[in-house]
Amino acid sequence: MLRILVCVSGGGTNLQAILDAVKSGEITNTQVCAVISNNASAYALTRAKENGVPGICISPKDYADRAQFNQAFLQKVDEIAPDLIVLAGFLVNIPAEMVKRYKNRIINIHPSLIPSFCGTGYYGLKVHEGALARGVKVTGATVHFVDEGTDTGPILLQKAVMVEPQDTPKTLQQRVMEQAEWKILPQAIDLIANGKIKVVDGKTVMES
Ligand code: GAR
């Protein structure tokens, strides 16, 4: 059984997609053992509670500096001792020490087709604003392993979504979530839980 920790900052619709997929059997061999939020008022914490999953808030605001926050965050993660950490709209930089300790055991969902519209400054609605400003006709979402960079780790799954002429950043964000994020994030977890994917030379390879 893969024990996963889901880290969130906001509404938690991706967390909900994971919880629903575990319930429906779309994700197998998996238990959501805890949710960590950096934001006490994140609705994702309510979703955790409603599903009987322990929800924990660790906010940088409660620590004197980033180093102390990082230490407390890593200590909490170590206590939970998850097999996999899922960043589902978690808008906090993962401490380098944690990336090292949990190598190939942290995944992130990003709302674009990496390497487009990713990296520093591209998160949430800003990603979709960037896609519309550039005038792309196709965008999408990516699940990738987390490495030392920002959105640079090995790619697990991607799904394309068409941009519509009338799109606003909000309508595009919603369509990318519905058509891509809520599908590929549960799929990626199921692949990992069932040992169907491995990382070779910085790239993922599917096991048959
Ligand atoms: C999602 O669109 C996710 O892809 C994005 O934040 C949103 C969280 O929504 N993540 C990033 O931009 C990370 N760079 P949710 O809280 O409803 O799941």
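Further up the page is the structure itself.
Below is a short write-up of the structure. (Residues numbered from 1 in each chain as written. Predicted model: local features only at pLDDT ≥ 70, side-chain atom pairs only at ≥ 80, totals over all residues. Heavy atoms only, no water.)

## Points about the nonpolar core
V6, I107 and I189 are the most contacted members of the largest nonpolar core, which totals 41 residues. Sort the elements by how many residues they give to this core and helix α6 (residues 169-193) lands first, with 10 residues. If we ignore the near neighbours within four places in the chain, the residues touching V6 are L15, I18, V32, A34, V35, I36, V86 and A88. Among the nonpolar cores identified, the runner-up in size contains 21 residues, and I58, I80, I94 and V99 belong to it. (Core = buried A, V, L, I, M, F, W, Y, C linked by side-chain atoms within 4.5 Å. Buried < 20%, exposed > 50% of the residue type's maximum accessible area, 1.4 Å probe, protein only. Helix = DSSP H or I, 4+ residues; strand = E, 2+ residues; numbered from the N terminus. Contact = heavy atoms within 4.5 Å.)

## Re unusual backbone geometry
Cis geometry is adopted by the peptide bond preceding P115, which originates at I114 and carries an omega value of 20°. One can find P115 in the loop between β5 (106-110) and α5 (125-134). Notably, N29 is not glycine yet its phi reads approximately 55°, a positive angle. By the element assignment, N29 lies in the loop between α1 (13-24) and β2 (30-37).

## Focus on the site of the ligand
Around the ligand sit 14 residues, and of these G12, T13, N14, G124 and E181 come closest. Note that an oxygen atom of the ligand is positioned 2.7 Å from one of the backbone N or O atoms of G12. Alone, the ligand offers 450 Å² of accessible surface; in the complex the protein occludes 90% of this. Elements that contribute at least two residues to the shell around the ligand include exactly α1, β5 and α6. (Near = heavy atom within 4 Å. Polar contact = N/O pair within 3.5 Å; in protein donor to acceptor, adjacent residues only side chain to side chain. Areas by Shrake-Rupley, 256 points an atom, 1.4 Å probe, with all protein chains shown as cover.)

## Observations concerning the pairing of β5
Most of β5 is tucked away: five of the five residues are buried. Here β5 shows a buried face lined by I106, N108 and H110 and a second buried face lined by I107 and I109. Summarising the sheet, strand β4 (residues 84-87) and β5 pair through three bridges and their orientation is parallel. Looking at the pairing, V86 lines up with I107 of β5. Since β4 and β5 lie parallel, the crossover through helix α4 (residues 96-101) that links them has a hand, and here it is right-handed. As paired elements, β5 and strand β6 (residues 138-145) share four bridges and run antiparallel to each other. (Pairing = 2+ DSSP bridges. Right-handed = clockwise from strand over helix to strand, strands pointing away.)

## Considering the packing of aromatic side chains
Using the criterion set out here, one finds four aromatic pairs in the structure. Note on F73 and F90: the rings are 5.6 Å apart at their centroids and 40° apart in plane angle, and the pair reads as tilted. Here F90 lies in the loop between β4 and α4 and F73 lies in helix α3 (residues 66-80), a separation of 17 residues in the sequence. When sorted by exposure, F73 lands in the same class as F90, which is buried. Ring geometry for F117 and Y122: centres 6.1 Å apart, planes at 75°, overall edge-to-face. Under the relative-accessibility criterion, F117 is labelled buried at 15%. Here the aromatic residues Y63, F69, F73 and F90 are joined through ring pairs into a cluster of three or more. (Phe/Tyr/Trp six-rings, centres within 6.5 Å; stacked < 30°, edge-to-face > 60°.)

## Observations regarding α3
The end-to-end C-alpha distance of α3, which contains 15 residues, comes to 21 Å, matching closely the 21 Å that a straight helix rising 1.5 Å per residue would cover. For α3, the set of buried residues is F69, N70, A72, F73, L74, V77 and I80. Elements that come into contact with the buried residues of α3 comprise β1 (2-8), β2, β3 (55-57), β4 and α4. Measuring from the side-chain oxygen of the N-cap residue of α3 to the backbone nitrogen of A67 gives 3.3 Å; that N-cap residue is D65. Directly beyond the C-terminal end of α3, a positive phi value near 50° is found at A81. (Expected span 1.5 Å × (residues − 1).)

That's the geometry; what it means functionally is another story.
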